[in-house]
Amino acid sequence: MNQKIGIGLLGLGTVGAGVANIVNSPEGRNPLVSNIRIARIAVRDLNRVRSIKVDPSIITNDPFEVVKDPNVEVVVEAIGGIEPAKSLIMLAINHGKSVVTANKAVVARYGKEISDAANAAGVYVLIEAAVGGGIPIIEPLKQSLGGNKIKKVTGIINGTTNYILTEMAKGEAKYEDVLNEAKKLGYAEADPSADVNGDDAADKIAILSGLAFGGGIDREAIPTKGINNLESKDINYSRQLGYEVKLLAVAEYIEKKAQENNLHSLALRVEPTLLPKDHPLSAVNGVNNAILIEGDPIGEVMFYGPGAGAGPTASAVVADILNIVGIKLMQKEEGACLDPLLSSISWRNCILANTRDISQKNYIRLITADNPGVIGKIGNILGKNQVSIESIVQFDSNNAKAEIIVITHKVSKGKINDSLAEIENMKEVLNVASHLGCL
Ligand code: NAP
Ligand code: HSE
C-alpha cells in the first residue's frame, strides 16, 4: 500500500522531534512507517533554531490551523500542559480525527470527557506515551491483561525523579545539579516542579488506575508527596537498613462498596517509599521506569524500560500512530470499523478510599533529646495507637541530640498520623524529621 496518511504534529520539542526523526527514517522499521507523512507542524516560536530540519512551508505557530487542515488525518499532540492541548484534542475529535497524545496531565483530568467524545465520534485517542515513556503499558492493560482481575499496580513512573534519586544514592550528587542534568537530557517536564512534587506520577497512576480498575477517580484527591523535601540523609539511613528509596505510585483495589451498587473503592498514593533491596523495583535505576501489576490469574508481571526522553517516548507515540494508520488504510480499502480493543471504555464506578484507612509500613526519623527513656516513651505511644514496631534504631548522637529511626509493621495512615501527632508533642522530641512509606 503506497497511500500516505497525513499527520499533524503539534509540538516539535523533545517528543515531537523524536517522532519526526522516526518518520523521516523508515528503513528497517515496520513498513507502515512509510505510510506516515508529516503534513503539518505547529510550534510556539517560529524563529527557534532547531536540531531537526523541516520543510518551512508546513510549519506554523497556529496549532488550531493544523488540526483543521484537511491534509491532516491524525493529530499528534506533543505540546504539553492543559491548554491549548485539551482544546486541540477536542477540536480534532470534533473534526472526526483520531489523536495520539503523550499528555498525561490532560488525560488524567479529562480522560472521560475525551474518551466519551472519541467513542461518540468513532475515532481513537491513543495514549501509550503518556505513562512509562517507551514502556508498552497502556495497550497491555487495555488488551493483553484484559482477562484478569487487577488487584494492584505499583510503579516507578517518573524518569526525572528516579534519575535524581539514583544519582543521590551514589553519594556525592547535588539535587539541583542532577535536576538540571535531567532537564538537559529532555526527561523533565517544561515545568519540572510537576516531576519533583509528585504531580506527574499522580497523573500517570490516575491513568493506569482507570485502565486497571475500569473507572476514573478524582485526580486532585490522590495523596501526593514528591521528592522535593527528601533529605539525602534518609536515603543513606535507608540504605544502611537494607532499603532503597524510590518515588512510588500505587493503585490498589480495596472493595466493592456493600451499600452502593457497582461502586468500588481504590487506594491510590504517590510518595517516596523504602523498598527492600531484594524487591524487583529497587533495582530500577536512572531514567528507567517499571510497573508491577498483580492480577488474577496472571500473578505478578513487571514492565520495565526507559521512562522518558526523546527516543523512548517517540517509540510509544509512533506505535500508536501505526495502529491508527493500519486501521485507516484498511478502512480506505474495505470500510472496516473501529477496533474495540484500541478504543477506551470505563465499565465501573470507582472512588478513592479514605486516606486514613490506607495501610502500609512506615519509616519515621525523629530528632530527640539524647535522654534515658525516650525510646520507651515513643514505643508506648505507638503501642497505645496499635502501631507495631518492626525495628527502632538510634543512629547518631551528637550535641545532646539523638536521631531515632522507626520502621513500623503495616498499619493504617490514620493510626500512624495520630501517633506522630502525640510523639511530636513529647517534650524530648525536637521534630519528626521525616515520614516515608515502606514496602
Ligand atoms: P517540550 O520539549 O517543551 O516541547 C513542547 C513543544 O510544543 C515545543 O516544540 C513548543 O514549541 C510547542 N508548543 C508549546 N506551546 C505551543 C503552542 N501554544 N502552540 C504551538 N506549539 C506549542 O515538551 P516535550 O518534552 O516534548 O513534552 C511534550 C509532551 O509529551 C508533554 O505533555 C509531556 O508531558 C509529554 N511527555 C514527555 C516526555 C519526555 O520525556 N520529554 C515523555 C512522555 C511524555 P517551541 O519549540 O517553539 O517552543
Ligand atoms: N517528565 C516525565 C518523567 C517525562 O520524567 O517521567 C515522561 O513522562
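The shown structure was predicted, so the numbers you read here are calculated from the model rather than taken from an experiment.

> What's the story with the site of ligand 1 in this structure? I'm lost.
Within the structure, ligand 1 sits among 25 residues, and Leu 12, Asp 45, Arg 50, Glu 189 and Gly 309 are positioned closest to it. Leu 12 has a polar backbone atom sitting 2.8 Å from an oxygen atom of ligand 1. Within the backbone of Gly 13, an N or O atom sits 3.0 Å from an oxygen atom of ligand 1. Here ligand 1 loses 88% of its free accessible area of 900 Å² to cover by the protein chains. A class-by-class count of the residues in the shell around ligand 1 yields 11 nonpolar, 8 polar and 6 charged.

> I'm lost on unusual backbone geometry in this one. Help?
The omega angle of the peptide bond from Glu 83 to Pro 84 is 10 degrees, so this bond is cis rather than trans. With respect to the secondary-structure elements, Pro 84 resides in the loop between β4 (74-77) and α3 (85-94). One non-glycine residue, Gln 386, lies in the positive phi region at around 60 degrees. Topologically, Gln 386 is positioned in the loop between α12 (374-384) and β14 (389-398). You can call Gln 386 exposed: its relative accessible area is 58%.

> Looking at this structure, how should I read the sheet that holds strand β1 (residues 5-10)?
In any sheet, the strands associate via hydrogen bonds between backbone groups, in a parallel or an antiparallel arrangement. Read from one edge to the other, the open sheet built from 6 strands follows the order β3-β2-β1-β4-β5-β6, with strand pairing classed as parallel. At either margin of the open sheet sits one strand with a lone partner, and together these are β3 (59-60) and β6 (125-126). Direction of pairing for β1 relative to β4: parallel, over a ladder of 4 bridges. What sits directly across from Leu 9, in β4, is Val 76.

> Would you take a moment to explain the site of ligand 2 for this structure?
Every residue close to ligand 2 is listed here: Lys 104, Asn 158, Gly 159, Thr 160, Tyr 187, Ala 188, Glu 189, Asp 195, Asp 200, Lys 204, Gly 307 and Ala 308. In this structure, an oxygen atom belonging to ligand 2 sits 2.6 Å away from a side-chain N or O atom of Lys 104. Here Lys 204 contributes a side-chain N or O atom positioned 2.7 Å from an oxygen atom of ligand 2. Coverage of ligand 2 by the protein chains reaches 94% of its 250 Å² of free accessible surface. When residues of the shell around ligand 2 are traced back to their parent elements, those giving at least two are α6 (159-170) and α9 (199-213). Grouping the constituent residues of the shell around ligand 2 by class yields 3 nonpolar, 4 polar and 5 charged.

> Looking at this structure, how should I read the side chain of Glu 244?
Within the secondary structure, Glu 244 sits in strand β8 (residues 243-256). The exposure class assigned to Glu 244 is buried, which follows from its relative accessible area of 13%. Only 3.1 Å separates the side chain of Glu 244 from the side chain of Arg 239, close enough to count as a polar contact. Excluding its chain neighbours within four sequence positions, the residues that come into contact with Glu 244 are Arg 239, Thr 273, Leu 274, Leu 275, Lys 277 and Ser 282.

> I keep staring at the pattern of salt bridges and nothing clicks. Help me out?
It is possible for side chains bearing opposite charge to pair when their charged atoms get close. Counted by the stated rule, this structure contains 28 salt bridges. Taking the shortest distance from any N to any O, the salt bridge between Glu 271 and Arg 269 comes out at 3.7 Å. On the accessibility criterion, Glu 271 (7% relative accessible area) is buried. Residue Lys 427 is joined to Glu 428 by a salt bridge in which the shortest nitrogen-to-oxygen separation is 3.5 Å.

> What am I meant to see in the nonpolar core here?
General note: in soluble globular proteins, nonpolar side chains tend to be found buried as a group. Ranked by size, the top nonpolar core spans 80 residues in total, and within it Ile 93, Ile 137, Val 153, Ile 205, Ile 207, Leu 208 and Ile 293 carry the most contacts. Sort the elements by how many residues they give to this core and α9 lands first, with 9 residues. In this structure, Ile 93 is in contact with Val 99, Ile 114, Ala 117, Ala 118, Ala 121, Val 123 and Val 125, ignoring residues within four places of it in sequence. Grouped together as the second largest cluster of nonpolar side chains are 37 residues, Val 15, Val 19, Val 318 and Ile 327 included.

> Mind showing me how you'd approach the side chain of Thr 368 here?
Considering the arrangement of structural elements, one finds Thr 368 in strand β13 (residues 359-369). In this structure Thr 368 touches Val 374, Ile 378, Ala 400, Lys 401, Ala 402, Ile 404, Glu 428, Val 429 and Leu 430, once residues within four positions along its chain are discounted.

> Teacher, can you tell me more about the pairing of β8 here?
Moving residue by residue along a regular strand, the side chains alternate between the two faces of the sheet. Summarising burial for β8: 10 of the 14 residues are buried, a large majority. Judged from the 4 bridges that link them, strand β7 (residues 149-156) and β8 form a sheet pairing that is antiparallel. In the sheet register, Thr 154 faces β8, and the bridge partner there is Val 250. Remark: 6 residues form the turn of the hairpin made by β8 and strand β9 (residues 263-276), two consecutive strands paired antiparallel; Asn 262 in that turn has positive phi of roughly 60 degrees.

> Would you mind showing me how to read the domain arrangement of the protein chain here?
When the parts of a complex come together, some accessible area is lost, and that lost area is often taken as the interface size. We note that the domain assignment places domain 1 (5-133 + 310-345), domain 2 (138-305) and domain 3 (358-438) within the protein chain. Domain 2 and domain 3 are separated by 25 Å when their C-alpha centres are compared. Across the contact, 17 residues belong to domain 2 and 19 residues belong to domain 3. Roughly 1,500 Å² of surface becomes buried between domain 2 and domain 3 when both sides are summed, with 56% attributable to carbon and sulfur atoms. Sorting the residues of domain 2 by area buried against domain 3 places Tyr 237, Leu 241 and Leu 274 first, and these three jointly supply 34% of that buried surface. At the boundary of domain 2 and domain 3, one finds 4 salt bridges. Of the charged contacts, one joins Lys 233 and Glu 403 as a salt bridge, the two residues approaching to 3.1 Å between their closest N and O atoms. Secondary-structure elements contributing two or more residues to the side of domain 2 that touches domain 3 are α10 (232-240) and β9. Along the lines of polarity and charge, the residues of the side of domain 2 that touches domain 3 split into 8 nonpolar, 3 polar and 6 charged.

Procedures and definitions
Sequence order as written defines the numbering, with residues in each chain counted from 1. Each chain takes a letter, starting from A, and each ligand takes a number, starting from 1, following the order in which they are written. For this predicted model, a pLDDT threshold of at least 70 governs which residues receive local features, and a threshold of 80 or more governs which side-chain atom pairs are given and counted, while totals over whole chains, interfaces and linings are taken from all residues. Based on all heavy atoms of the structure, the side-chain values leave hydrogens and waters out of the count. Near is defined per residue: the residue qualifies when any heavy atom it owns lies within 4 Å of the molecule or strand. In protein, a polar contact requires one atom able to donate a hydrogen and another able to accept it; more generally it is a pair of N or O atoms within 3.5 Å, and residues adjacent in sequence count only if both atoms are side-chain atoms. Using the Shrake-Rupley algorithm and a 1.4 Å probe, accessible areas are obtained, with residue cover drawn only from the displayed protein chains. We call Asp, Glu, Lys and Arg charged. Ala, Val, Leu, Ile, Met, Phe, Trp, Tyr, Cys and Pro are nonpolar, and the rest, Gly among them, are polar. The numbering of helices and of strands both runs from the N terminus, where a helix is a DSSP run of H or I of at least 4 residues and a strand a run of E of at least 2. Partly exposed describes any residue whose relative accessible area lies between the buried limit of under 20% and the exposed limit of over 50%, with all areas from a 1.4 Å probe on protein chains only and scaled to the type maximum. In this analysis, strands are considered paired if DSSP registers two or more bridges between them. Any two residues whose heavy atoms approach within 4.5 Å at even a single point are treated as in contact. Between Lys or Arg on one side and Asp or Glu on the other, a salt bridge is scored when a side-chain nitrogen of the former is within 4 Å of a carboxyl oxygen of the latter. Nonpolar core, defined: a set of buried Ala, Val, Leu, Ile, Met, Phe, Trp, Tyr and Cys residues in which side-chain atoms within 4.5 Å join the residues together. Per the annotation, domain bounds derive from an automatic or database assignment of domains. Buried area, as used here, totals the accessible surface that two parts lose on assembly, with accessibility defined by a 1.4 Å probe and the loss added over both.

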